[in-house]
Each structure stands twice: as C-alpha cells, then as structure tokens.
Amino acid sequence: MSASQPGLNPYLLGGLGAGALVVLLGWLFLSGRIGHGGTSAKLRRSVSLAVKSLWLHKLRSFLSVLGIIIGTCSVIALMSFGEGSMQDALEDIKRQGATNIIVRSVKPPDDSATASRGFVTTYGLTRDDIGQFDAFGASVSRVVPMRVFPTEVRYLERILSNGRVIATTPDYQQVNKLELSRGRFLVEADDTELDNYCVLGAEAADKLFPYEDPIGQSVGMRSHFFRVIGVIKDRMPTGGTGGSQAAENFNRDIYIPISTSRRRFGEVIFTRTSGSRSAEKVDVSQVTLTVDAQVDTPEGRATVKAVGDEVKAILEKRHARKDYDITVPLDKLEEAERAQARFTALMAMIASISLVVGGIGIMNIMLATVTERTREIGIRRALGAKRKDIILQFLVEAVVQTTIGGLCGAVIGVTAVYAIPGAWDVLRGWEWVSGPALPAKLHVTSIFLSVCVSVLVGVCFGLYPAWRAAKLDPIEALRHV
Amino acid sequence: MPAIVRIVDLVKNYYLGGQTVHVLQGLNLSFDEGDFVALMGPSGSGKSTLLNVLGCLDRLTSGQYFLGDVDVSEMSDDQLSEVRSTYLGFIFQSYNLLPQYTVVENVELPLLYQGIKLDEATKSRCVALAELVGLGDRLDHRPLQLSGGQQQRVAIARSLVNDPHLILGDEPTGNLDTKTSVEIMQMLRELNRSGKTIIMVTHENDIAEWARRVVRLRDGRVESDVRNDTRTIAEMGR
C-alpha cells in the first residue's frame, strides 16, 4: 500500500511542474506563431541571444544564479542524506525480519503478588498453542519456539553472568539471520537425541574463552554441562524500535536444543532477582512465525498482516488473560516508511525555501536589467518587436539562468552526495571527528524535481520583469539614456 | 506619384501633470512615393512627435493616418509592430545599435521579428548591405569599436534590411561632424534615387537642403511646404 506512496509524491510534483512549464512555454510560442513556421528556430535564437547577453555580465549572472545553485544542491543533498539515513533505519527493521510475527509470553500484571510469595506462576504460550499454528500450512514457512533462561554460564573460573540461555530449534538461525563464524548451529538431531550441545554468541565466546578455542569445550549451566559446537559471528544489536520489542543483543546469547532444555531444566524456570526467588512455569517464552511472503510487494504485506490477525484471533480464543504479546515488525517498517516520506517531504520543503530565495534574487536582477536595458527594449520595439517578443526575450533569459543554475546545482549536489560521506569517513579515519558513518543514497527523483523547480522558478520570477519590459512605451524607452 | 503617406486632421495631445499640451493641431499632409522630405521647425514645433506618429511608435489623439492604402490609426499594438517590422526603417540621431551585437547581427536585428527563418541567405544579405554602406571590412566589429559615422552607416544598413517602403530619420546627422554628415547625406540621397521614400527630421538648414521637399512646422501646424527639387539638381554636381 504505502510501498509506492513515498515515491509517488515527488514524481507527481515533478510531473506537474514540468507539465505546467511545457504548457506555459508552449502557449507563449505557439499563440499567433503558427503559420510563420519559425517557432523552434525562434526559441533556439532566443536562447542563444540570452546566453550572449548573460555572458556580457558574467559575474553578475553568476551571483544572481548562486541562490538557485545553492538551492538545487541543498535539495538534492538533503533529500539524499535523509533517504540514506532512513534506509539505514529500514534495513535495521528488515534485519529483524519483516516477514516475521513475534509472539511473546508476558507475565500478566495482576500476578505479580502471587509470584512474590514463592508460588510457581503459570502463564504464557503453551505447546498446544504452537500446535495450532500448524493450521497456517504453507503460508507460514517456519514456526520457531524459544525458551529464555536468564542464567549464569561458566567455564572453569570464568563466569558469564549477564548471558541469556535460549532453548530453541534449528530454524532459529534462519529466522534471526544469524551467521556462524565457527562450527555449526543446532540441527534437528541435537533436539531429538537430547544432546547437551550449545552455540555461543560472539561476545559470550569471547568472555568465556578469551584464549582457547571454544569448539569442543564444555560450559556449565546450572548443574549441567553443554559442549560448544559453534560460535555466532559478531552482529550489530537491533535497534529498539519502540512498541513492545526491546533492543536485542544477540552477542551474549547461548543457544541450546529446546527438548534438551525441557529434560535438563524442567518446565519451571527459576529466577533470582535481587534476593527474592521467583519461579515461573512458561512452556514457551517466544514464538517466531516466518510468513512465506515478499515484503516488497503489496500482496506479500497483506499476507503477513492476515497471518498476524489470525494469530491474534487464535490466541484470543485460547487465552482468557492477555499473557502474550504479538509484535509484527512489518507494522514498524510501514510506520518508519511513512515517517521517511514525511521527513523527506519536510527536507525538500526546507530546501525549496532557498530555491524561492534564489528566485527572488533572479527577479531582483532581472528588474535591474530591464531598467538598464530600457533603451535596448525601445530599439527592439522600434524595429518591429512585439510585446510578446520582449516578454519571450526576458523570460528566456531568466529561465536560461535558472536552468543553468539548476543543472550546476544538480552536479554539485550529486557530487556532494558521493563526496561528503567519503570525506567524512576519511576524517573519521584520522580521528578528527567522531560519530557514526553518514549514510547517503542518491535520491534520483530529487534531481529531476529540483531542476524542474528551478526552471519553474525562472518562469515565475522572470514573468513580472518581462511583463514590465514589454509594458514600456517604445518612445519613452528610446528616449531613456 | 501615388501618396505613400497621407495624414488627415492629425491631432496629438499630451497630458502632462493634469495639463493638456496640444502638440499637433490638425495636420494635413501627404507624401509621395519616392520623395525625400525634411521636417524642420524649432524645438516644440512637433516635428519629432510627427515622426513618431509616422513611425507607428506613437498613437494619434484624433485624425487618420494612411500608410499606403491602410489606415493604421486604429491598429492594435501588435499590428503596429508588424507594420514597423514590414514597411518601415528607422535611422536615429544616436544610432541606437545594440552594443552586444556585431555589425552583421545589428543589421540582422529587424529580421528577427519578422517570423522568417534566418539562414545563410539572410546572413549574406546582411553582409551585402554592410558592404553597400562601406563596412565590408568591419563585419565582426562591435558598435563601440566604430566611429560615429560608421555606426550611423550600420544603422542605415539596418534600416534597409527589411526592404522598407518608408525610411524615417530622426536627425540622422545630429551627432556627426560636417564631413561625416555629408557622407551620410550622400548615402541617403543615393537611396532616394534608387527609389526609397525618406522622411527625416532635422533642424539644420544645410542638411535640409539635401531633401527634395522641406516641410516647416511651428506650434503644431504647417508653416511652409517648399519643394526644392531645383536646388537638388543644382547640387548634383557637388
């Protein structure tokens, strides 16, 4: 739905601008000129005359188009940097898996009292719930359950206290797009054979095995030992994108087979929090469903949403209390895309202010030019130029200025889009500046848009001076010194 | 000879600061095709205004102005431009060349507004005209690189490029020294002999002597209208 929306508006604007321009110029040239046959030749000549008279005052022409140059260049640069940083954010969300639907067990708030008294609280998703998800058939390609134990992990005297032990199935790797740096991830057989195997996140491996090769070593969790069979590649934490999903850092995770976890640790998860003990019976902490769809197509998005709604319906039927939480990253993606569209439009608006200011500069200089060339206008009128010819001459001059300015600005803007991030990286390399990399993605539409707008600015702000010039009385104009 | 210009009861008033100035007060004049007319008179006599009206640059307050058979007094601004472009050639006191253009481009200027295609043929015509006025070796010069007499000759070439029915001169020798003035007037006389109708404004008697007919204005009325064809013939040996 909104896939085409962010791109549509600038195209529409640009198209409208260009269309209006063509109509206006076409009207000027064609009205009364059909039959003489010299229309295009006339235009060419007007343009060459305009260039000639602009060339007479090089510095003045340059200064008067400077505003347009800066305007065009800043429209392109701002929109490109805006686009780049937003795409960065969108990539972040896509990394979470835009086709995923995440259902998590949440402790209902009214149960906090019972928990503190030491009873075992039962809540959250059950294995039966997960069985229900089989009903989706082929549209859901993976259903990955996981149980999370906040527990200490030991190797010899080294302890990783802030790690998360995640019991899950082999599909977890694909769903969360984890890459292995060494060894292998869990496989189906580990689960069925209840093997005590584990896979370490990059940071966990680093903490526990700073010097040794972790593969084949055994780490201790509670009273059991698990052999390390793989290490995950270091990975950027996903950003906390609001809503219920906190930022996830996969680097301190330790993965074990889910059936093994049930057998070794039981159904009840004990946690110790600041002196008090709590015990919770949670079958499944989280389930991630991967929908078999393409998020780049509207149909794919609809499928993801339909599955999300269906999951919600199933869980509402089966759970009296709301002890679960459904997150659809696609919603966030669309929200971010809408935000991007707004942000880009805002950027363009701010930058177009400078185009308008540039236009005022053009108008100012054109008015001065008309006064200065009053005599020339008189001569031309005496030699047979019509009002229309004078309008055309000055309008073409203004449009030629802004068009050249727009094109120069576009070249500078495109150069800036490529050069500034590079220069920034170099400066960061020398440690002269700090901060994240500047993401920039060339916003192609903005080039057409800004050049069209600057041409349009030439027409709009050139019209009044041209009209003033044409309105002059030929005799008065000839008498002008 | 048929009349190329005929004005009937021509009245022209200016409104200056709430006051009406009666510049031309009912002129009746007729100029023949192939004539060479000098309009004379003291300042404020209305000679320049008459020339502007004849040149379709100014509107008349009342009366009629026939250029050939056409009444131009009722024409629109665009139509007047068209008349200037097709039938009239102008020579000004201060030459009025465009400084950014070369000699050839200045000569070409009136063709720009005729809606015809400018090509090699028109270009060679402009070059031929520049050679006719003796500027064949200065085709690519700009006006500021030329002397006053040369500039006025460019202006004469420019006034000829559209092959006009009527050439109007507003003190064409006003800014020139005597020797150059004679050169210019000789050139105008040559043009007149080749069939061009010329009407010029001047306030110098020795310039007016070059014309075949001298019309003197005073206070917006015709004071005298003398043909000095005999004189011109006498001068031919000069």
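Just so it is clear, the structure is predicted and the values come from calculations on it, not from any experiment. Here the residue numbers are simple positions, counted from 1 along each chain's written sequence. Going through the entries in the order they are written, you letter the chains from A and number the ligands from 1. It should be noted that, the model being predicted, local features are given only for residues of pLDDT at least 70 and side-chain atom pairs only at 80 or more, the latter also being counted only at that level, while totals for whole chains, interfaces and linings use all residues. For the side-chain quantities, the full set of heavy atoms in the structure was used; hydrogens and water were omitted.

**Q** Got a minute to help me understand the interface of chain B and chain A in this structure?
**A** One frequent convention defines the size of an interface as the accessible area lost when the parts assemble. Any two residues having at least one pair of non-hydrogen atoms within 4.5 Å are treated as being in contact. Facing the 27 residues of chain B at the interface are 27 residues of chain A. Roughly 2500 Å² of surface becomes buried between chain B and chain A when both sides are summed, with 54% attributable to carbon and sulfur atoms. When two parts are put together, the accessible area they lose, computed with a 1.4 Å probe and summed over both, is reported as buried area. The three residues of chain B that bury the most area against chain A are L57(B), Q100(B) and Y113(B), which together make up 25% of that side's buried surface. Whenever a carboxyl oxygen of Asp or Glu lies within 4 Å of a side-chain nitrogen of Lys or Arg, that contact is scored as a salt bridge. In this structure, E105(B) engages K52(A) in a salt bridge whose closest nitrogen and oxygen atoms are separated by 2.5 Å. For this analysis, a polar contact is any N or O atom pair within 3.5 Å, provided that within protein one partner can donate a hydrogen and the other can accept it, and provided that sequence-adjacent residues contribute only side-chain to side-chain pairs. The tally of links between chain B and chain A comes to eleven residue pairs in polar contact (both at pLDDT 80 or more). Grouping the amino acids of the side of chain B that touches chain A by side-chain chemistry returns twelve nonpolar, eight polar and seven charged. When residues are grouped by polarity, Ala, Val, Leu, Ile, Met, Phe, Trp, Tyr, Cys and Pro land in nonpolar, Asp, Glu, Lys and Arg in charged, and all others, Gly among them, in polar.

**Q** Would you explain the sheet that holds strand β1 (residues 3-16) of chain B in this entry?
**A** Strand-to-strand pairing in sheets goes through backbone hydrogen bonds, with the strands running parallel or antiparallel. Each pair of strands is called paired provided DSSP finds at least two bridges between the two strands. Secondary structure elements are taken from DSSP: a helix is a run of H or I of four residues or more, a strand is a run of E of two residues or more, and numbering for both begins at the N terminus. Here four strands make up an open sheet; going across it, the order is β2-β1-β4-β5 (chain B) and the pairing antiparallel. Looking at strand neighbours, the two that pair on one side only are β2 (19-32) and β5 (70-71) of chain B, the edges of this open sheet.

**Q** Before we go on, may I ask you to explain the packing of aromatic side chains in this structure?
**A** Where two aromatic rings form a pair, the distance of their centres and the angle of their planes describe that pair. All names here are of chain A. Two rings from Phe, Tyr or Trp (for Trp, the six-membered ring) form a pair when their centres are within 6.5 Å of each other. A pair whose planes differ by under 30 degrees is stacked, one over 60 is edge-to-face, and the rest are tilted. Under the defined criterion, the tally for this structure stands at eight aromatic pairs over all chains. Taking the centre distance of 4.3 Å and the plane angle of 45° together, the rings of Y155 and F209 count as tilted. Taken together, the residues Y155 in strand β4 (residues 153-155) and F209 in the loop between α8 (202-208) and β9 (218-221) connect sequence positions 54 residues apart. Using a relative accessible area of 9% as the deciding quantity, one classes Y155 as buried. Grouping aromatic residues by their ring pairs yields a cluster made of F149, F226 and F265. The criterion for a charge sitting over a ring is simple: Lys NZ or Arg CZ within 6 Å of the ring centre, and within 35 degrees of the ring normal. For R222, the ring lying beneath its charged end belongs to F265, and the centroid distance is 5.5 Å. The ring of Y324 carries K322 above its face, with NZ or CZ at 4.8 Å from the centroid. Note on exposure labels: buried denotes an accessible area under 20% of the residue type's maximum, exposed denotes more than 50%, and partly exposed covers the range between, all computed with a 1.4 Å probe on protein chains only.

**Q** Would you mind showing me how to read the sheet that holds strand β3 (residues 36-40) of chain B here?
**A** Residues and elements named next belong to chain B. Within the open sheet, the six strands sit side by side as β6-β7-β8-β3-β9-β10. Their pairing is mixed. Looking at which strands have only one partner, the edges of the open sheet turn out to be β6 (88-91) and β10 (221-227). Looking at each pair of strands side by side, their axes are set apart by 20° on average, direction ignored. Across six bridges, the pairing between strand β9 (residues 213-218) and β10 is antiparallel. Within β10, the residue paired with R216 across the bridge is S224. Its contacts with the sheet place helix α5 (residues 148-160) against β6 and β7 (166-170), and it is angled at close to 175° to β6. Axis angles are defined between N-to-C directions and span 0 to 180 degrees, where every axis is a line fitted to C-alpha atoms and, for a helix, only to the segment in contact.

**Q** I tried to follow unusual backbone geometry on my own but got confused; where do I start?
**A** Of all residues except glycine, most have a negative phi; of all peptide bonds, most are trans. Phi is positive for R222(A), close to 50°, though the residue is something other than glycine. With respect to the helices and strands, R222(A) occurs in the loop between β9 and β10 (224-232). The phi torsion at D9(B) lies on the positive side, around 50°, for a residue other than glycine. Along the chain, the position of D9(B) falls in strand β1. A relative accessible area of 44% means that D9(B) is categorised as partly exposed.

**Q** Which parts of the structure should I look at to understand the pattern of salt bridges?
**A** It is possible for side chains bearing opposite charge to pair when their charged atoms get close. Residues and elements named next belong to chain A. Throughout the structure, instances matching the rule amount to 33 salt bridges over all chains. The shortest N-O distance in the salt bridge between D213 and R182 comes to 2.5 Å. Of this pair, D213 sits in the loop between α8 and β9 while R182 sits in strand β7 (residues 180-183), and the two are 31 residues apart along the sequence. Since its relative accessible area comes to 36%, D213 is described here as partly exposed. Judged by relative accessible area, which is 40%, R182 ranks as partly exposed.

**Q** Help me understand the packing of helix α12 (residues 374-382) of chain A against helix α13 (residues 387-429) of chain A in this model?
**A** Between two packed helices, both the angle of their axes relative to each other and the distance between the axes serve to describe the pair. Residue and element names in this part refer to chain A. At a minimum axis separation of 10 Å, α12 and α13 run at an interaxial angle of 140°. Our classification of the angle between α12 and α13 gives oblique. Here the hand of the crossing between α12 and α13 comes out right-handed. Residues E376, I377, R380 and R381 of α12 form the contact with α13, whose participating residues are R387, I390, Q393 and F394. Looking at the contact of α12 with α13 residue by residue, the classes come out as three nonpolar, one polar and four charged. What sets the label is the angle itself: under 35 degrees gives roughly parallel, over 145 gives roughly antiparallel, 65 to 115 gives roughly perpendicular, and the rest give oblique. What makes a crossing left-handed is the near helix being turned counterclockwise from the far one by less than a right angle; a clockwise turn instead makes it right-handed.

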